[in-house]
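The primary structure of each chain is shown beneath.
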Amino acid sequence: MVAASANGGGIVIRAAVPEDAASIAAIYAPHVLVGTVSFETDPPDARQMRARMAASDGLYPWLVATIGAEGGLLAYAYAAPFHKREAYRFACETTVYVADAAQRQGAGRLLYEALIDTLRAQGFTQAIGAIALPNDSSIKLHEAVGFRRAGVYREVGYKNGRWIDVGHWQCQLNDPAVPPVEPRRFADVGVVRG
């Protein structure tokens, strides 16, 4: 389930494992503590991150980008339910976070492309990305991998002394069939590239 990048840069995309939880938490923490990219106010620790990964229950992918097969984590991405109600089960929400030291080196895009390819192979119909605004780099990343602006919720989050808008970007993964086909489990599909 390991897919090396096509750019020859030594970036490897693979499924996240529980042992990655501490590194994933470390990548995420600065996004919680500084700025408004995340609306959480307390960064989760490794145990909490492991629980979030386990909550995907084999359906939703958690992927990581590393330097080489055994290298440190550069970024992580995952999918989660778009909403909890049963009728939404064909759509998912996607997220990607890149370590500060790995910004603008291509890991985020390679990782997000692999996540989108994997979700397509699973049979999901839509991916939704929520972006705290303004965030030009996240918008560019989402649009580069096929997302299009779907709308904005105005002033729905309050953090760091200000109200924040949240934009939603949507990517059609597969044509919606009638009747719909149930998405396959990530555990059965694995990481897909291209």
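Remember, predicted model here, so these are calculated numbers, not experimental data.

Conventions adopted
- Residues numbered from 1 in each chain as written.
- Predicted model: local features only at pLDDT ≥ 70, side-chain atom pairs only at ≥ 80, totals over all residues.
- Heavy atoms only, no water.
- Phe/Tyr/Trp six-rings, centres within 6.5 Å; stacked < 30°, edge-to-face > 60°.
- Helix = DSSP H or I, 4+ residues; strand = E, 2+ residues; numbered from the N terminus.
- Buried < 20%, exposed > 50% of the residue type's maximum accessible area, 1.4 Å probe, protein only.
- Pairing = 2+ DSSP bridges.
- Right-handed = clockwise from strand over helix to strand, strands pointing away.
- Contact = heavy atoms within 4.5 Å.
- Salt bridge = Lys/Arg side-chain N within 4 Å of Asp/Glu carboxyl O.

Chemist: Please explain the packing of aromatic side chains as it appears in this structure.
Modeler: In this description, a pair of aromatic rings is defined by centroid distance and the angle of the planes. Per the stated rule, a full pass over the model turns up nine aromatic pairs. When the centroid spacing of 4.9 Å and the interplanar angle of 65° are considered together, the rings of Y28 and Y97 count as edge-to-face. One end of the pair, Y28, is in helix α1 (residues 21-33); the other, Y97, is in strand β5 (residues 91-98), with 69 residues separating them in the sequence. Across this residue pair, the class does not change: Y28 and Y97 are buried. Connected via pairs of aromatic rings, a cluster forms that spans Y28, W62, Y76, Y78 and Y97.

Chemist: Quick question: what am I supposed to make of the pairing of β5 here?
Modeler: Regular strands show a simple pattern: their side chains alternate between the two faces of the sheet. A large share of β5 lies buried, amounting to seven of its eight residues. Sheet analysis places strand β4 (residues 73-81) next to β5, joined by seven bridges and oriented antiparallel. Bridged to A80 within β5 is E93. As judged from the four bridges shared by β5 and strand β6 (residues 126-133), these two strands associate in the parallel manner. Looking at the pairing, A91 lines up with Q126 of β6. In terms of handedness, the path from β5 via helix α3 (residues 107-122) over to β6 forms a crossover that is right-handed.

Chemist: I'm lost on the environment of L111 in this one. Help?
Modeler: By the element assignment, L111 lies in helix α3. Since its relative accessible area comes to 0%, L111 is described here as buried. Taking the C-alpha atoms as reference, L111 lies 9.6 Å from Y78; in sequence the two are 33 residues apart. Leave out the neighbours within four places in its chain, and L111 touches I13, L63, V64, A65, A75, Y76, A77 and V96.

Chemist: I'm lost on the pattern of salt bridges in this one. Help?
Modeler: When charged atoms on two side chains of opposite charge get close, those side chains can pair. Under the counting rule described, the total for this entry stands at seven salt bridges. Its salt-bridge partner being R89, residue E86 comes within 3.6 Å of it at the nearest N-O pair. Residue E86 is classed as exposed on the basis of its relative accessible area of 55%. What makes R89 partly exposed here is its relative accessible area of 26%. For the salt bridge of R193 with E113, the shortest nitrogen-to-oxygen distance reads 3.9 Å. A residue pair is termed long-range when its members are at least 10 positions apart, and R193 in the segment after α5 (186-189) and E113 in helix α3 qualify at 80 residues. On the accessibility criterion, E113 (23% relative accessible area) is partly exposed. Within the structure, one salt-bridge network assembled from shared partners comprises E86, R89 and E182.

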